[in-house]
Amino acid sequence: MPKANEHAQTPAMTTTLAFAVRRRDPVLVGPAAPTPRETKRLSDIDDQEVLRAHVPFVFFYRGGVHAAGGQDPAAVIQRALGEALVPYYPLAGRLREVEGRKLVVDCTGDGVMFVEADADVRLPELVAAGAGLRAPFPCMDQLLFDVDGSGGVLNSPLLLIQVTRLLCGGFVLALRLNHTICDAIGIAQFISAVAELARGFPAPTVTPAWSRELLEARSPPKPAFPHREFDAVPPSPPPPGEMVMRTFTFGPADIAAIKKRLPGHLRKTATTFEALTAALWRARTAALELPPDEEVRLVIIANFRGVPELGLPAGYYGNACVPLVVVTTAGALLGGSLGDAVELVREVKAAVTADFVRSTADLLVLRGRPCPALGNLFLVSDNRHAGFHRVDFGWGEPAYGGPADAGFVVSFLVAVRNGDGEDAVAVPMVLPLPAMDRLASEVEMLVGPAVPPPGAIH
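Residues numbered from 1 in each chain as written. Predicted model: local features only at pLDDT ≥ 70, side-chain atom pairs only at ≥ 80, totals over all residues. Heavy atoms only, no water.

## Here's the deal with the overall build of the protein chain
Stage number 1. For the protein chain, the count of helices and strands is twelve helices and 16 strands.
Stage number 2. In terms of overall dimensions, the protein chain is globule-like: its C-alpha atoms have a radius of gyration of 22 Å, near the 23 Å expected for 458 residues.
Stage number 3. Over its C-alpha atoms, taken along the principal directions, the protein chain stretches across nearly 65 × 60 × 40 Å.
Stage number 4. For the protein chain, with 458 residues in total, the buried portion stands at 56%.
Stage number 5. Taking all contacts inside the protein chain whose residues are at least 6 apart in sequence as the whole, residues at least 24 apart take part in 81%.
Stage number 6. Approximately 18,200 Å² of the protein chain is accessible, and the part contributed by carbon and sulfur atoms is 56%.
Stage number 7. Computed over 42 positive and 49 negative side-chain charges, the separation of the two mean positions in the protein chain equals 3 Å. (Helix = DSSP H or I, 4+ residues; strand = E, 2+ residues; numbered from the N terminus. Rg over C-alpha atoms; globule rule 2.2 N^0.38 Å. Buried < 20%, exposed > 50% of the residue type's maximum accessible area, 1.4 Å probe, protein only. Contact = heavy atoms within 4.5 Å. Areas by Shrake-Rupley, 256 points an atom, 1.4 Å probe, with all protein chains shown as cover. Lys, Arg positive; Asp, Glu negative; His and termini not counted. Charge placed at Lys NZ, Arg CZ, Asp CG, Glu CD.)

This is the structure in structure tokens:
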């Protein structure tokens, strides 16, 4: 069972690791068979300003004997990638803007960018240097090289994939995705299709669905909710100090310890997401030492695929998430109990209705795609159920699969195994070094004895 102080002592980087990576010239991988040449409109949830960026993911594999007899992971994955791009042919296209900066994808079949590489390093060395394969990962800029001309939002490949073979027979697959074309569940669905084809499946088990027209704004747009997530407030100035990233890992005993701090009715019903998100929001706010009267915001990214009134088909791989916001003050958040914060998270989760989603699309169009309010923001995206940790190209499930990065205002919940082999949750956090040290102390107290020491948040 992990010790309570295991988390607080997890450093941003335990050792400095340098290794050589030899990359072959990048190639464009197109669909392996003819596909339609057409133009498809993205939804009004897809093309919001905040998603017009590339986001990285990474998968580490131990290697061994391939299930379908393939030997070279780069060759196996490159072949499967071309096959998967037949049903997922829009991913092989290029984005452009039409009227009102509306994004469309020209299904040109030009392909996604693929890089094959070799690294003079073994997986156990990466594990040791990356604090057990947790962000920040060592030499990520070499495992996912920024190929010239690949990073634009418009007229650039929608996907960059690098497969790096390791000396031990393992390999790393890193990818960078244009976020307007897929959310986490969508890209996990695509990469799982590639993995199934790599294992010899005749076709992906999930048939992809486009259907982006289901998430267009109404005409005329008529937002029906306050949407405080898009308040026009200036971003908070960055706190002083060097920014560092540290990943905190919570096993079953740690989650149970956090839930023990809740009142009886919540202790039995609070989900792991509710308890952990509320606890980390309070701990982060305390670590930043914000004035009590300052507004603080928690945004959770809520998946709405399960809202039946929206009619999204199975296999939908576009963006199907909306931001939900809780607004309070630092003093009220820290002066209340953990149970109060859990209730706030639970209450805002209930807002994910068809009416709210349609209202969000309407507001985005009406206000010219505003960005979420960044003032004292903590944004949490739960990636545990996307399926990254189960993506098997034939060499078994990854030692880690999920987001490769985080930011000062953005954190992820990632499904991992802890040191005891138990299902656990990893949460990368980015803060200035002094605040990170304070956060580590707060987390140590959270997973420690149920009665916090004097002066701790409760």
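Structure's up, so let's keep going.
## Looking at the packing of aromatic side chains
Stage number 1. Taken as a whole and judged by the stated rule, the model has eleven aromatic pairs.
Stage number 2. When the centroid spacing of 5.2 Å and the interplanar angle of 75° are considered together, the rings of Phe171 and Trp395 count as edge-to-face. Residue Phe171 is found in strand S9 (residues 171-178), and its partner Trp395 is found in the loop between strand S13 (377-382) and strand S14 (400-403); the two are separated by 224 residues along the sequence. Each member of the pair, Phe171 as well as Trp395, is classed as buried.
Stage number 3. Taken together through their ring pairs, the aromatic side chains of Tyr61, Phe171, Phe393 and Trp395 make up a single cluster. (Phe/Tyr/Trp six-rings, centres within 6.5 Å; stacked < 30°, edge-to-face > 60°.)

## Looking at the sheet that holds strand S12 (residues 321-329)
Stage number 1. With mixed pairing, six strands are arranged side by side in an open sheet as S10-S16-S15-S13-S11-S12. On the outer flanks of this sheet lie strand S10 (243-250) and S12, each paired with one strand and no other. Strand-to-strand twist of the sheet, defined as the mean angle between neighbouring strand axes without regard to direction, takes the value 25°.
Stage number 2. Here four bridges tie S13 to strand S15 (residues 410-417), and the two strands are oriented parallel to one another. Across the sheet, residue Val380 finds its bridge partner in S15, namely Ser411. (Pairing = 2+ DSSP bridges. Axes fitted to C-alpha atoms, helices over the stretch in contact; angles between N-to-C directions.)

## With respect to unusual backbone geometry
Most peptide bonds take the trans form, and the phi angle of most residues other than glycine is negative.
Stage number 1. For the bond from Ala135 to Pro136, the omega torsion is 5°, close enough to zero to count as cis.
Stage number 2. Note that Pro136 resides in the loop between helix H3 (123-129) and helix H4 (140-143).
Stage number 3. Here the residue pair Ser219 and Pro220 is connected by a cis peptide bond, since its omega of -5° sits within 30 degrees of zero.
Stage number 4. For Pro220, the position within the fold is in the loop between helix H5 (184-198) and S10.
Stage number 5. The phi dihedral of Ser211 falls on the positive side, at around 50°, and the residue is not glycine.
Stage number 6. Positionally, Ser211 belongs in the loop between H5 and S10.
Stage number 7. Phi is positive for Glu289, which is not a glycine, with a value near 50°.
Stage number 8. With respect to the helices and strands, Glu289 occurs in the loop between helix H8 (272-288) and strand S11 (295-303).

## Details of the sheet that holds strand S3 (residues 39-41)
Stage number 1. A sheet is described by the order of its strands in space; here three strands give the open sequence S3-S6-S5, paired in antiparallel fashion. In the strand order of this sheet, the two ends are held by S3 and strand S5 (94-97), each with one partner. Direction aside, the axes of adjacent strands within the sheet are offset by 35° on average.
Stage number 2. Sheet analysis places S5 next to strand S6 (residues 103-106), joined by four bridges and oriented antiparallel.

## Examining helix H11 (residues 354-366)
Stage number 1. Here H11 is 13 residues long and its end C-alpha atoms lie 18 Å apart, about the 18 Å a rise of 1.5 Å per residue gives.
Stage number 2. When H11 is considered as a whole, its buried residues turn out to be Ala354, Phe356, Val357, Ser359, Thr360, Ala361, Asp362, Leu363 and Leu364.
Stage number 3. Of the surrounding secondary structure, the elements contacted by the buried residues of H11 are S12.
Stage number 4. Phi turns positive one or two residues past the end of H11, at Gly368, with a value near 70°. (Expected span 1.5 Å × (residues − 1).)

## Quick look at the confidence of the model for the protein chain
Stage number 1. For the protein chain, per-residue confidence averages 93 on the pLDDT scale, and residues scoring 70 or more make up 94% of the total.
Stage number 2. Note on residues 1-15: pLDDT is under 50 here. Beyond four places in sequence and across chains, it has 35 contacts.
Stage number 3. Segment residues 452-456 is flagged for pLDDT under 50; beyond a separation of four residues in sequence, or across chains, it makes five contacts in the model. (pLDDT = per-residue confidence, 0-100.)

## Points about the packing of helix H6 (residues 252-259) against H8
Stage number 1. As a packed pair, H6 and H8 sit with axes 10 Å apart at the nearest point and diverge in direction by 75°. One element, H6, and the other, H8, form an angle in the roughly perpendicular class. In contact with Ile255, Ile258 and Lys259 of H6, H8 contributes Thr272, Ala275, Leu276 and Ala279.
Stage number 2. For the contact of H6 with H8, the per-class residue count stands at five nonpolar, one polar and one charged. (Parallel < 35°, antiparallel > 145°, perpendicular 65-115°, else oblique. Nonpolar A, V, L, I, M, F, W, Y, C, P; charged D, E, K, R; others polar.)

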